[in-house]
Amino acid sequence: MGTLVFKRQKYPLDNEKMLLRGCTIRNTDWCFGLVIFAGPDTKLMQNSGRTTFKRTSIERLMNFLVLVIFVFLAALCLILALGHSIWEYHKGYYFQVYMPWADEVHSSFFSAFLIFWSYVIILNTLVPISLYVSVEIIRLGNSFYIDWDRKMYYSPSDMPAQARTTTLNEELGQIKYIFSDKTGTLTQNIMVFNKCCINGTSYGDVLDSKGQRVEISESTSKVDFSENPLADPKFVFYDHSLLEAVKRGDNATHKFFRLLSLCHTVMPEEKKKGALVYQAQSPDEGALVTAARNFGFVFRARTPETITVVEMGETVVYELLAILDFNNVRKRMSVIVRSPMGKLTLYCKGADTILYERLHPSCGCLKEKTTIYLDEFAGEGLRTLVVAYKNLEESYFEDWQMRHYEASIALDNREEKLSLLYEDIEKDLMLLGATAVEDKLQDGVPQTIDILGKAKIKIWVLTGDKQETAVNIGYSCNMLYDDMRDIFIIQGKTSQEVEEELRKARKKMNPEAFVDDRELDIHVRKPGGSKVLLDEEPNAEYGLVINGYSLAHALEGPLQLELVRTACLCKAVICCRVTPLQKAQVVELVKRHKDAVTLAIGDGANDVSMIKTAHIGVGISGQEGMQAVLSSDFSFAQFRYLQRLLLVHGRWSYLRMCKFLAYFFYKNFTFTLVHFWYGFFSGFSAQTVYDEWFITLYNMVYTSLPVLGMSLFDQDVNDRWSLQFPQLYEPGQQNLYFNKMEFVKCTLYSVYSSLVLFFVPYGTMFDSLRTDGKAISDYQSFALMAQTCLLIVVSVQMGLDTAYWTAVNQLFIWGSLAVYFVITFTMYSNGTYLIFTASFPFVGTARNTLNQPAVWLSVSLCVALCVLPVVGFRFLKTQLRPTISDKVLAEVQTLRLPPPSPKHCLRRGSSRRSGYAFSHQYGFGALITSGRNMRPRSPFNLSGSFSPNALRRHK
């Protein structure tokens with residue numbers, strides 16, 4: 001067992017970085033602190049999750065097929081060895097004079113044993129030794145396409161798309177579930193102060209002379225802040241009445257902006273005079289402080305003990321007495337300051353549901369007016385906060401301050417004691433109003449979600465924001481819409497309530513298939529493996545919203561299957577108030593119980609665990625840094641690029657990989673199985689059909705480049721048609737292009753082709769004469785004809801499978817055939833024979849065989865017999881049982897005009913929804929009051945909330 005030893009020490013750091021079991025402490029002075037020494041067995045919990053090795057479904061299928069091929073190879077060799085044993089026992093006896101057994105061979109069975117291993121060597125080309133190398137080359141090439149795609153390049157931040165791995169490309173074409181963060185992923189995470197409500201009056205809308213709201217456009221007059229030399233030039237506001245209220249000295253308006261300039265944990269930075277830059281804990285907090293700055297209440301500087309504000313041109317220094325910081329339970333933050341005139345005031349901002357419970361009874365009328373505007377702001381997709389204040393009496397605060405100090409140094413139940421003290425002072429607040437900050441959607445998010453929905457990709461949003469805010473963003477980005485049959489809200493407080501709500505929702509979505517869990521139809525991947533749920537179809541389009549409390553119950557025990565079944569029936573799912581760990585658990589749950597490929601996309605460190613858990617992780621380089629990008633498999637700068645990554649690059653990669661595998665197995669099986677049939681006509685003697693040089697060059701030269709060319713350049717339709725018809729993506733989700741059944745079909749077709757390629761040349765050469773009357777039925781002529789027929793047939797088959805011809809494809813296919821004939825005539829020439837007599841015994845065979853009309857007629861017959869069945873089958877299948885891809889491709893081919901730019905009709909919801917948001921991170925109040933992030937002015941503050949100097953003054 002590991003041990004934890006707690007010691008209170010004083011130690012110098014000397015501008016060095018001290019690492020204590022993964023903890024980093026920085027300071028420039030002597031400091032007191034709590035040092036934790038962990039034993040060797042102590043496990044440190046991290047939120048980023050465990051890194052797993054990711055493999056694609058095609059790669060796992062390849063591994064299985066290689067094992068099957070080994071078994072197939074062993075079976076073929078065993079059949080040939082048994083045939084050799086029988087032939088030697090019944091026929092070989094009569095050839096002992098001409099072909100005696102070797103000294104070590106004393107029976108036909110032992111000879112068969114040796115022949116078995118000889119055939120293993122001859123038929124080893126069944127085993128795709130070069131398959132994995134070729135696959136990696138194809139993946140590397142397709143990764144470069146992503147890196148080079150200019151349509152996924154974001155010029156404002158100079159950020160191109162990047163494939164950070166080369167092993168997952170084809171799985172981009174099989175995605176069925178997308179798990180997305182909201183803030184910074186769907187939205188820009190750049191907050192803009194949009195509207196506010198002060199003392200029952202709403203500001204932010206532009207009204208005409210009749211009092212009607214006017215849409216804001218480029219021609220709309222902006223508020224002029226030029227009289228304020230410290231104003232932020234980037235700040236834009238359109239309602240002139242708010243600035244007029246500030247200028248005429250409206251008391252409530254001044255209190256409102258004074259609160260915004262004081263109640264925060266923002267750090268100012270002034271690189272040059274007048275050029276203020278705010279470093280905010282969250283973008284919405286920075287937006288509020290910037291708004292106060294432009295309306296005349298400029299937060300200028302702070303120390304651990306003071307806050308300096310320039311109010312309407314006059315510098316005012318407030319004494320900072322306490323910061324009552326934000327956390328997930330409080331959902332609010334407060335500061336207690338003393339004005340230069342000695343007035344004590346508590347300023348507070350937070351979620352309306354929290355602050356409304358702490359208002360003074362006299363605020364009832366104002367509360368009703370503010371609520372009306374809050375609903376209006378939230379309905380427009382704005383993130384809202386309520387602000388309030390309270391004047392404190394000196395005697396009460398001194399007593400509270402002492403009690404707080406005692407609680408802050410308590411060794412037991414410190415957090416609980418501090419929480420009770422915060423509750424005691426944060427009551428009977430006077431309401432000032434509310435703020436409304438806009439977190440704009442990224443460009444193209446609604447269109448992207450719409451087109452991904454048409455591709456039958458289900459999108460789940462996992463966010464830490466409140467339910468109302470998440471739902472509102474869902475409507476804004478077209479995930480949810482009023483045309484949906486119903487949107488289920490899961491907000492049960494207990495496991496029983498959550499189960500009841502989930503089952504009720506599932507019963508409404510699919511009443512015919514509603515069964516108890518005992519009767520649940522499942523598949524099991526392997527003995528003791530996970531339960532794989534069958535796909536169920538709902539009777540209409542539905543949405544599901546579940547909060548973090550209910551999700552915590554749903555992720556436990558038997559409710560997991562109920563959650564998966566219900567959520568997977570919905571077109572869109574929103575999980576709000578979820579932790580980073582819950583995000584990963586939701587992704588893992590779908591991975592475990594649904595036979596589908598998942599993708600997680602996020603922009604921040606809290607998305608890392610989700611990104612690592614999904615089959616494919618995508619990082620967005622935004623305002624939250626590069627943590628998500630560094631943990632991802634693919635990265636880019638905007639969410640809208642996801643449609644191109646999946647519908648274009650992903651679908652092409654999957655299509656190319658499937659075509660490559662089918663053709664690779666076909667050409668190798670066809671090539672090898674000719675040896676198998678030849679064994680029945682050669683006494684099972686392990687004699688090869690082809691010339692040894694052809695066997696060497698077949699995979700290395702003659703067929704390697706054509707298949708790579710197809711795998712790197714082929715496309716059924718171009719990128720614009722791929723986006724215009726997202727239905728083309730569905731075959732990848734259903735894994736239709738290459739699976740076990742397609743492998744069986746490929747094998748059977750290879751068996752048929754090998755029969756044709758052996759028996760047609762055999763029949764042509766049997767007792768045949770050349771045009772000059774000389775015999776042509778020799779082994780060398782047969783071998784040359786068989787290998788020529790083989791190469792031409794596989795090249796024609798390659799041409800049939802190629803949908804997009806380029807100069808490279810043409811060069812590789814026809815060039816490979818030309819190289820074959822050049823090498824063949826060179827190796828079988830007199831000069832080569834004279835130089836390398838032992839290595840090239842087929843002298844003159846090429847010119848004597850390939851000049852016969854019967855040979856070329858036989859080659860044409862082989863091509864017709866091998867290719868026509870495939871062409872006929874594909875034609876009949878397209879006509880009688882067309883797939884979605886066949887229908888779309890037929891429609892594309894009938895359109896002669898170039899494809900238009902994709903247009904999407906987005907459904908807009910008209911319902912009013914409320915959304916109240918706040919930063920879901922712990923605040924930096926203790927860090928500010930301690931002074932650790934500033935130039936040191938006093939010893940380390942142990943209380944974590946109060947300045948020791950202020951405490952001594954009040955003593």
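Conventions used here
- Residues numbered from 1 in each chain as written.
- Predicted model: local features only at pLDDT ≥ 70, side-chain atom pairs only at ≥ 80, totals over all residues.
- Heavy atoms only, no water.
- Helix = DSSP H or I, 4+ residues; strand = E, 2+ residues; numbered from the N terminus.
- Buried < 20%, exposed > 50% of the residue type's maximum accessible area, 1.4 Å probe, protein only.
- Contact = heavy atoms within 4.5 Å.
- Areas by Shrake-Rupley, 256 points an atom, 1.4 Å probe, with all protein chains shown as cover.
- Pairing = 2+ DSSP bridges.
- Axes fitted to C-alpha atoms, helices over the stretch in contact; angles between N-to-C directions.
- 1 Å grid on protein atoms, 1.4 Å probe; cavity = no way out; pocket = protein on both sides within 12 Å on 5 of 7 lines; lining within 4 Å.
- Points joined across faces, edges and corners; volume = space filled by probe spheres on them.
- Expected span 1.5 Å × (residues − 1).

Engineer: What is the right way to read the overall build of the chain from this model?
Structural biologist: Each helix and strand counted, the chain has 32 helices and 28 strands in total. A total of 955 residues make up the chain; the buried ones form 53% of that total. If you take every contact in the chain between residues at least 6 apart in sequence, the share linking residues at least 24 apart comes to 74%. When the accessible surface of the chain is totalled, it reaches about 44700 Å², and 58% of it is carbon and sulfur.

Engineer: What should I look at first to understand the sheet that holds strand S19 (residues 430-441) in this one?
Structural biologist: Strands belonging to one sheet form pairs held by backbone hydrogen bonds; the direction of such a pair is parallel or antiparallel. Here nine strands make up an open sheet; going across it, the order is S8-S7-S19-S18-S17-S16-S15-S14-S13 and the pairing antiparallel. On the outer flanks of this sheet lie strand S8 (201-203) and strand S13 (297-302), each paired with one strand and no other. Averaged over all pairs of adjacent strands, the angle between strand axes in this sheet comes to 30 degrees, irrespective of strand direction. Sheet analysis places strand S18 (residues 382-392) next to S19, joined by eight bridges and oriented antiparallel. Among the inter-strand pairings, Leu385 is bridged to a residue of S19, identified as Thr435. Taken strand by strand, helix H5 (residues 251-262) contacts strand S7 (187-198), S13, strand S14 (306-311), strand S15 (314-324), strand S16 (332-338), strand S17 (344-350), S18 and S19, and its axis lies near 60 degrees from that of S19.

Engineer: What should I look at first to understand the pairing of S14 in this one?
Structural biologist: Side chains on a regular strand alternate between the two faces of the sheet. Within S14, five of the six residues are buried, which leaves it mostly tucked inside the rest of the structure. With five bridges joining them, S13 and S14 adopt antiparallel strand pairing. Residue pairing in the sheet places Phe299 in a bridge with Val309 of S14. Where S13 hands over to S14, the hairpin turn is made up of three residues, counted between the paired strands. As paired strands, S14 and S15 are joined by six bridges and run antiparallel to one another. Note that in S15 the partner of Thr306 across the bridge is Glu319. Counting the residues between successive antiparallel strands, the hairpin from S14 to S15 contains two residues, one of them, Met312, with a positive phi of roughly 50 degrees.

Engineer: How should I be thinking about empty space enclosed by the protein in this particular structure?
Structural biologist: The full count for this structure, using the stated rule, is two cavities of 30 Å³ or more. Each pocket or cavity is described by its volume, and for the second largest cavity that value is around 40 Å³.

Engineer: What's the story with the pairing of strand S6 (residues 175-180) in this structure? I'm lost.
Structural biologist: Counting buried positions over the six residues of S6 gives five, a clear majority of the element. In this sheet, strand S20 (residues 458-462) lies alongside S6 in parallel orientation, the contact comprising four bridges. Note on S20: the bridge partner recorded for Phe179 is Trp460.

Engineer: Teacher, can you tell me more about H5 here?
Structural biologist: The periodicity of an α-helix, 3.6 residues per turn, causes residues three or four positions apart to be oriented the same way. Across its twelve residues, H5 extends 16 Å between first and last C-alpha, which sits within 8% of the 16 Å expected from 1.5 Å per residue. Extensive coverage of H5 is indicated by the burial of ten of its twelve residues. Among all positions of H5, only Ala252, Thr253, His254, Phe256, Phe257, Arg258, Leu259, Leu260, Ser261 and Leu262 are buried.

Shape descriptors only; they carry no functional weight alone.
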